[in-house]
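Residues per chain, in single letters:
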Amino acid sequence: MAVVICRTGEPRAKDNSTAFIVERGTAGLSAGKKENKLGMRASETAEMIFDNCRIADANRIGEVGQGFKQSMKVLDGGRISIAALGLGIARGAYEAALQYSKERYQFDQPIASFQGISFKLADMATEIEAADLLIKQACDLKMRGLPMTKESAMAKYYSSEVAVRVSTDAVQIFGGYGYTKDFPVEKFYRDSKLCTIGEGTSEIQKLVISREVLK
Ligand SMILES: Cc1cc2nc3c(=O)[nH]c(=O)nc-3n(C[C@H](O)[C@H](O)[C@H](O)COP(=O)(O)OP(=O)(O)OC[C@H]3O[C@@H](n4cnc5c(N)ncnc54)[C@H](O)[C@@H]3O)c2cc1C
């Protein structure tokens, strides 16, 4: 089963899209190629092909023309989930790098004793806590049923960029091992990038945030 939003009105008109439930096995619906992705490879992503696919009106979600508004509402909440996903990736990469920095010796000392490494860890820890607080703020507003468009976009934007920065630095801290599949950080590095793209790119989050602050 999939939820599909398609255009049901004139191009560029307001309120021109509608949401439907499309059941697996519907005539005209077929699966296209499975995408060969950079990361998030444990979660399959594939094309869906609609060819003369007729959907019963009973499968319509909400009113005709409300698809865009509905998806914007869903995205406010979905963005908190991607923010949390990014935070988890960042934490995993940071914890692996922190431990490795104490175990790996170079020039007769743990690499954590080099300021070049310890300052990276300080940045990672700080950004992770800031992302955590932004996510908690958005969650708190959502739980209380209050508007949180700006806060969820801020949490998603910041947390996903932190996931990319932290996992990149984690690979760096692991040195050559970071580039191999023997350690988890190369996976965090590849997986993190989706967070800045899915549920709206970082550029789109900035668009949402700037619209809210300029209101
Ligand atoms: C693994 C994966 C899973 C996905 N799963 C789903 C899913 O389950 N459901 C779903 O609906 N979608 C899903 N998506 C789609 C995803 O939400 C979109 O890829 C994403 O929102 C970006 O849209 P786009 O690919 O059309 O990029 P485009 O809109 O073509 O953007 C290309 C570039 O232009 C920039 N850009 C576009 N418009 C503007 C603007 N107005 N101002 C400034 N910059 C702009 C973007 O930021 C980006 O850098 C998935 C994508 C991936 C990679």
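Above this text sits the structure in question.
Q: For this particular structure, what's the right way to read the site of the ligand?
A: Taken together, the residues surrounding the ligand are Lys-37, Thr-45, Leu-194, Ile-197, Glu-199, Gly-200, Thr-201, Glu-203, Ile-204 and Leu-207. Take Glu-203: an N or O atom from its side chain is 2.8 Å from an oxygen atom of the ligand. Protein burial of the ligand: of its 980 Å² of free accessible surface, 33% is covered by the chains. The dominant element in the shell around the ligand, judged by the number of residues it contributes, is helix 5 (residues 202–213), at three residues. Its residues placed into classes, the shell around the ligand shows four nonpolar, three polar and three charged.

Q: Would you take a moment to explain the layout of surface pockets for this structure?
A: By volume, the largest pocket is sized at about 600 Å³. A per-element tally of the lining of the largest pocket places helix 1 (residues 67–103) first, with eight residues. Considering only residue class, the lining of the largest pocket consists of eight nonpolar, three polar and ten charged. Taken domain by domain, the makeup of the lining of the largest pocket includes at least three residues from each of domain 1 (2–61) and domain 2 (69–213). Forming the walls of the second largest pocket are Met-1, Ala-2, Val-22, Glu-23, Arg-24, Leu-29, Ser-30, Ala-31, Ala-46, Glu-47 and Met-48. Of all the secondary-structure elements, those providing two or more residues to the lining of the second largest pocket are strand 3 (29–34) and strand 4 (46–50). Counted by class, the lining of the second largest pocket contains seven nonpolar, one polar and three charged residues.

Q: Any chance you could explain unusual backbone geometry here in plain terms?
A: Leaving glycine out, the prevailing phi sign among residues is negative, and the prevailing peptide bond configuration is trans. Its identity is not glycine, yet Arg-12 carries a phi of approximately 65 degrees, on the positive side. Structurally, Arg-12 is set in the loop between strand 1 (2–7) and strand 2 (17–22). What makes Arg-12 exposed here is its relative accessible area of 86%. Even without being a glycine, Asp-15 presents a positive backbone phi close to 50 degrees. Mapped onto the fold, Asp-15 is located in the loop between strand 1 and strand 2.

Q: Looking at this model, I keep getting lost on helix 4 (residues 185–195). Mind explaining?
A: Side chains of residues three or four places apart in an α-helix project in the same direction, reflecting 3.6 residues per turn. For helix 4, the full list of buried residues reads Val-185, Glu-186, Arg-190, Asp-191, Ser-192 and Cys-195. Taken together, the buried residues of helix 4 touch helix 1 and helix 3 (149–174).

What counts and what doesn't
- Residues numbered from 1 in each chain as written.
- Predicted model: local features only at pLDDT ≥ 70, side-chain atom pairs only at ≥ 80, totals over all residues.
- Heavy atoms only, no water.
- Near = heavy atom within 4 Å.
- Polar contact = N/O pair within 3.5 Å; in protein donor to acceptor, adjacent residues only side chain to side chain.
- Areas by Shrake-Rupley, 256 points an atom, 1.4 Å probe, with all protein chains shown as cover.
- Helix = DSSP H or I, 4+ residues; strand = E, 2+ residues; numbered from the N terminus.
- Nonpolar A, V, L, I, M, F, W, Y, C, P; charged D, E, K, R; others polar.
- 1 Å grid on protein atoms, 1.4 Å probe; cavity = no way out; pocket = protein on both sides within 12 Å on 5 of 7 lines; lining within 4 Å.
- Points joined across faces, edges and corners; volume = space filled by probe spheres on them.
- Domains from an automatic or database assignment.
- Buried < 20%, exposed > 50% of the residue type's maximum accessible area, 1.4 Å probe, protein only.
- Contact = heavy atoms within 4.5 Å.

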